[in-house]
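Coordinate inspection notes
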Number of protein chains: 2
Amino acid sequence: MTRAQERDDIRLHVETALGDGASIEATPQQAHYLRNVMRLGEGDTVALFNGADGEWLASVVPDGRRGARLQILRQTRPQEADSDLWLLFAPVKRNAIDFIVQKATELGIAKLQPVLTENTDVTRVNLDRMHVTAIEAAEQSRRLTVPEVGAPLPLASLLDRWSADRRLMFCDEIRTGAPMASTFGVEPGTGPWAILIGPEGGFTEGERRRIADLDGVVPVHLGPRILRAETAAVAAIACWQAMCGDWR
Amino acid sequence: MTRAQERDDIRLHVETALGDGASIEATPQQAHYLRNVMRLGEGDTVALFNGADGEWLASVVPDGRRGARLQILRQTRPQEADSDLWLLFAPVKRNAIDFIVQKATELGIAKLQPVLTENTDVTRVNLDRMHVTAIEAAEQSRRLTVPEVGAPLPLASLLDRWSADRRLMFCDEIRTGAPMASTFGVEPGTGPWAILIGPEGGFTEGERRRIADLDGVVPVHLGPRILRAETAAVAAIACWQAMCGDWR
């Protein structure tokens, strides 16, 4: 007989409401993970979150040969507001997208928005895969939310309907922008923001003009070296969180 | 017959001196890459760098059935000093090491130093593979240098012989450190620096005390979420470059 363990390092995202006394049916995948992969049994605990109700400790209750229920014990963390930061990125190769989704989730991005630009070669994006990758990264990074995954949009449509109250950090690879630290080090950005990272082939002149015309756009550069799109995304998010976001 | 193209987007790192009139024999791998992969022929140009003499434009001269020589045409960029920033990281899985080496090189790290800590599971590191990955990332990011790759060292030995003039940014996952922006936003770090990222299992209490006792150590935290080691490495380097390094 194994001794029950109270642990909160195994975290699961659930789609149902969390509260005192709730009992939740694990999905078949979650039940398999808890019982067969992590070898948890009756009375072992896990942490649950749903993006709205904070984090709750729950006790594993095996249900039949394969299933499991999760019996809520108590709340361990209240819900907290995330930074309202979106990442707009041109789709890249699958590995690089996995990477962007995983790292952006760890770094606290609220919404992942694929953007189709004139130099974007990849136009098909597996949104289900992005969503699953984001859930896994949220579970492992102790986030209380899962970032929203937007359906791919052409850059022009996105800019046409851009909300005036969301500022845009435009990471331009041709170094027309200002250094990040002189932009945000002096006066940190507040309110809703988005970061725009270009495709491997760069933006066209027309796109660059259209972006520059947007109200509230802030062009910045990411140093003297050429960064891959996924490196630029992670670097820009980290700098924003450090200077303007929840690392402060 | 193909028209010769003058291009500097294909970049090669070479081990020989670069200067007016030099003619350099491409390695068999480089000759294969230029002739068979990139389909370059007589008179096409590439950019060369060796970490010391800046960047030079060179003309491809096929040599026999498989070889190639590179005939220097002119210097295109002078050598520039890199940020004197080291990355000390506990070895992780192979994919994650590839990732750290590639991204750290793009972001301008001068030396990659694997560090063996008490909670480091991986102790064998393929230094040749790290070196090759660093060269490729330097070629693609338009760096003029390739970062040095240090042989793995136990953390204790590294700290025992630590040079007093190199400051250490200690990224502690238990959030004992200060926010990055309040540390570097006000007074950017200058001179030689190193960033220390811990293993997945964290530092032990003894290690943490030993690090805290080091002269010139600056503990910082990387926000409220748990970051994978490779995410933490990229995030910390980007923030340092933005606030103290060559992004300014």
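Residues numbered from 1 in each chain as written. Chains lettered and ligands numbered in written order. Predicted model: local features only at pLDDT ≥ 70, side-chain atom pairs only at ≥ 80, totals over all residues. Heavy atoms only, no water.

**Some points on the packing of aromatic side chains**
All names here are of chain B. For clarity, the threshold we go by: Ring pairs shown here join Phe, Tyr and Trp side chains whose ring centres sit within 6.5 Å, with only the six-membered ring taken for Trp; geometry is labelled stacked below 30 degrees between planes, edge-to-face above 60, and tilted in between. Under the scheme used here, helices are H or I runs from DSSP no shorter than 4 residues and strands are E runs no shorter than 2 residues, and both carry numbers assigned from the N terminus. Under the scheme applied here, a residue whose accessible area is under 20% of the maximum for its type counts as buried, over 50% as exposed, and between as partly exposed, the area being computed with a 1.4 Å probe on protein chains only.
For the coordinates displayed, the defined rule picks out 7 aromatic pairs over all chains. Between Trp86 and Trp162, the ring centres sit 6.1 Å apart and the planes meet at 80 degrees, which makes this aromatic pair edge-to-face. Within this pair, whereas Trp86 is found in strand β6 (residues 85-89), its partner Trp162 is found in the loop between α4 (155-160) and β10 (167-171), the two being separated by 76 residues in sequence. With relative accessibility at 13%, the residue Trp162 sits in the buried group. On the basis of an interplanar angle of 75 degrees and a centroid distance of 5.3 Å, the ring pair of Phe184 and Trp193 is categorised as edge-to-face. The burial state of Phe184 is the same as that of Trp193; both residues are buried.

**Section: the interface of chain B and chain A**
Convention followed: Note on definitions: a residue-residue contact is assigned when non-hydrogen atoms from the two residues lie within 4.5 Å. Once two parts are put together, the accessible area they lose, assessed with a 1.4 Å probe and summed over both, is termed the buried area. Note on definitions: salt bridges are taken to be side-chain nitrogens of Lys or Arg within 4 Å of carboxyl oxygens of Asp or Glu. Pairs of N or O atoms within 3.5 Å make up the polar contacts considered here, provided that, within protein, one atom can donate a hydrogen while the other can accept it, and that residues adjacent in sequence are counted only when both atoms are side-chain atoms. Put simply, Ala, Val, Leu, Ile, Met, Phe, Trp, Tyr, Cys and Pro go in the nonpolar bin, Asp, Glu, Lys and Arg in the charged bin, and everything else, Gly too, in the polar bin.
With 34 residues of chain B at the interface, the matching set in chain A holds 34 residues. Approximately 2900 Å² of surface area, both sides summed, lies buried where chain B meets chain A, with 60% of it carried by carbon and sulfur atoms. If you sort the residues of chain B by the area they bury against chain A, Glu106, Arg225 and Trp247 of chain B come out on top, with a joint share of 25%. We note a salt bridge from Arg228 of chain A to Glu106 of chain B, for which the minimum N-O separation is 3.7 Å. Counting every contact that joins chain B to chain A gives 19 residue pairs in polar contact (both at pLDDT 80 or more). Elements with a minimum of two residues in the side of chain B that touches chain A: α2 (94-106), α3 (127-141), α5 (180-185) and α7 (229-243) of chain B. Of the residues forming the side of chain B that touches chain A, the biggest block, 9 residues, is contributed by α7 of chain B. Classifying every residue of the side of chain B that touches chain A by side-chain character gives 16 nonpolar, 9 polar and 9 charged.

**Section: the packing of helix α7 (residues 229-243) of chain A against α7 of chain B**
Stated precisely, the cut-off is as follows: Inter-axis angles, ranging from 0 to 180 degrees, are taken between N-to-C directions of lines fitted to C-alpha atoms, where helices are fitted over the stretch in contact. In what follows, roughly perpendicular refers to angles from 65 to 115 degrees, roughly parallel to angles under 35, roughly antiparallel to angles over 145, and oblique to any angle outside these ranges. We call a crossing left-handed when the near helix sits turned anticlockwise from the far one by less than a right angle, and right-handed when that turn is clockwise.
In contact at an axis separation of 8 Å, α7 of chain A and α7 of chain B are set at 70 degrees when each is read in the N-to-C sense. It follows that α7 of chain A is roughly perpendicular to α7 of chain B by the angle criterion. In this structure, the crossing between α7 of chain A and α7 of chain B has a hand that is right-handed. Only Val234, Ala235, Ala238, Cys239, Ala242 and Met243 of chain B of α7 of chain B make contact with α7 of chain A, whose side of the interface consists of Val234, Ala235, Ala238, Cys239, Ala242 and Met243 of chain A. Among the residues forming the contact of α7 of chain A with α7 of chain B, the class breakdown is 12 nonpolar, no polar and no charged.

**Some words on the sheet that holds strand β3 (residues 45-49) of chain A**
All names here are of chain A. Test applied: In this analysis, strands are considered paired if DSSP registers two or more bridges between them.
A sheet is described by the order of its strands in space; here 5 strands give the open sequence β1-β3-β4-β5-β2, paired in mixed fashion. The two strands at the open ends of the sheet, each matched to only one other strand, are β1 (11-13) and β2 (23-25). The mean inter-strand angle of the sheet, taken between neighbouring strand axes irrespective of direction, is 40 degrees. Pairing of β1 with β3 involves 3 bridges; the strand directions are parallel. What sits directly across from His13, in β3, is Phe49. Docked against the sheet, helix α1 (residues 28-37) engages β1, β3, β4 (55-63) and β5 (67-77), running at close to 85 degrees with respect to β5. Strands β1 and β3 of the sheet are contacted by helix α3 (residues 127-140), whose axis makes an angle of about 145 degrees with β1.

**Structural notes on the relation of the copies chain B and chain A**
The second copy of the chain is related to the first by a rotation about an axis and a shift along the axis. For the record, the criterion: Least squares is used to superpose the copies, and the fit set is the C-alpha atoms of residues whose pLDDT is at least 70 in both copies.
When chain B is fitted to chain A, the residual RMSD is 0.0 Å, and the transformation amounts to a turn of 180 degrees plus an axial shift of 0.0 Å. Viewed as a symmetry operation, the transformation between the two copies matches a two-fold axis. Both copies share a contact surface, since 100% of the interface residues of chain B are interface residues in chain A too.

**Considerations on the packing of α2 of chain B against α3 of chain B**
Residue and element names in this part refer to chain B. Viewed as axis vectors pointing N to C, α2 and α3 meet at an angle of 35 degrees, and their least axial separation amounts to 8 Å. As for how α2 packs across α3, the hand of that crossing is right-handed. The residues of α3 that touch α2, namely those facing Arg94, Ile97, Asp98, Val101, Gln102, Thr105 and Glu106, are Arg129, Met130, Thr133, Ala134, Ala137, Ala138 and Ser141. For the contact of α2 with α3, a count of residues per class yields 6 nonpolar, 4 polar and 4 charged.

**Things to note about the domain arrangement of chain A**
Residue and element names in this part refer to chain A. Worth spelling out the cut-off: These domain limits were set by an automatic method or by a database of domain assignments.
Split into domains, chain A comes out as domain 1 (11-77) and domain 2 (85-243). The interface is formed by 9 residues belonging to domain 1 together with 8 residues belonging to domain 2. In total, about 790 Å² of surface goes out of reach between domain 1 and domain 2, with carbon and sulfur atoms giving 56% of it. In this structure, the connection of domain 1 to domain 2 is made through 0 salt bridges. Connecting domain 1 to domain 2 are 6 residue pairs in polar contact (both at pLDDT 80 or more). Here the side of domain 1 that touches domain 2 gets 3 residues from one element, more than from any other, and that element is β1. For the side of domain 1 that touches domain 2, the residue count by class is 2 nonpolar, 4 polar and 3 charged.

**What to know about the pattern of salt bridges**
Throughout the structure, instances matching the rule amount to 26 salt bridges over all chains. Here Glu205 of chain A makes a salt bridge to Arg208 of chain A, at a shortest N to O gap of 3.2 Å. Note that Glu205 of chain A and Arg208 of chain A are positioned in helix α6 (residues 205-212) at a spacing of 3 residues, about one turn of the helix. Among the salt bridges present, the one from Glu55 of chain B reaches Arg11 of chain B, with a minimum N-O distance of 2.7 Å. Residue Glu55 of chain B is found in strand β4 (residues 55-63), and its partner Arg11 of chain B is found in strand β1 (residues 11-13); the two are separated by 44 residues along the sequence. Exposure remark for Arg11 of chain B: the relative accessible area of 4% places this residue in the buried category.

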